[in-house]
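Structure at a glance
As a plain string of letters, each chain reads:
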Amino acid sequence: MKSVLGPLCLVLAATPAAAWEAGRSGTICTLTHTDPEAGEIRLTHDPAGPLYTITVTRTEPWPDAPVFGIAFGGGAELTITTDRHVLSDEGRALTVTDRGFGNVLAGLALNETATIFAGPAALTVSLEGAAPEVEAFAACETAPSV
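Residues numbered from 1 in each chain as written. Predicted model: local features only at pLDDT ≥ 70, side-chain atom pairs only at ≥ 80, totals over all residues. Heavy atoms only, no water.

Residues Ala-130, Val-134 and Phe-137 constitute the buried set of helix 3 (residues 130-139). Viewed along the axis of helix 3, the buried residues span an arc of 60°, placing them on a single side of the element. Turned more than 90 degrees away from the buried face of helix 3, the exposed residues are Pro-132 and Glu-135. Considering only its buried residues, helix 3 is in contact with strand 1 (19-25), strand 2 (28-35), strand 3 (39-46), strand 4 (51-57) and helix 2 (102-110). (Buried < 20%, exposed > 50% of the residue type's maximum accessible area, 1.4 Å probe, protein only. Helix = DSSP H or I, 4+ residues; strand = E, 2+ residues; numbered from the N terminus. Arc of directions from axis to C-beta. Contact = heavy atoms within 4.5 Å.)

Spelled out as structure tokens, the structure:
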């Protein structure tokens, strides 16, 4: 019997892993999550503003829906909604801008999943590994830039 573990390991190694990552682009703090199946989530914080953004980009356009929301599950359940979102990139990117993201950051750090929704479209992402990156993102404004 021929083993398929070798080729399977190569396929798994070649598949990009979904991960949360905090960073900095100049003076802007960033928190990103890219998932080949789900798309990309990108939070930014401009400490000079202070201004926060969250942009959720997927391959299919988001519907032009009156409400955008995130439902956090698996720990400290919380659902956040807003009607202050905009679409860009031919509808594939949905962005919300606000002066505070405390509930969003707590939801990302304290739960297992986040379901992002607008109208009938929904996208569920794992929050595995998000907590330490959320902490680094939150501390970013006090860290000196290089």
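Now that the structure is up, let's keep going.
This brings us to helix 2. When we look at burial in helix 2, the residues that qualify are Val-104, Leu-105, Gly-107 and Leu-108. Buried residues in helix 2, looked at end-on, bunch into an arc of 160°, giving them a common side. Residues of helix 2 that are exposed and point over 90 degrees away from its buried face: Gly-102, Asn-103 and Leu-110. On its buried face, helix 2 is in contact with strand 1, strand 2, strand 3, strand 5 (68-73), strand 6 (78-82) and helix 3.

Read from one edge of the open sheet, four strands run 6-5-9-10, paired in antiparallel fashion. In this open sheet, the two strands that pair with only one neighbour each are strand 6 and strand 10 (121-126). Taken over all neighbouring pairs, the strand axes of this sheet differ in orientation by 15° on average, direction set aside. Across the face of the sheet, helix 2 comes into contact with strand 5 and strand 6 while running at roughly 35° to strand 5. (Pairing = 2+ DSSP bridges. Axes fitted to C-alpha atoms, helices over the stretch in contact; angles between N-to-C directions.)

Keep in mind that these numbers describe shape and distance, not what the molecule does.
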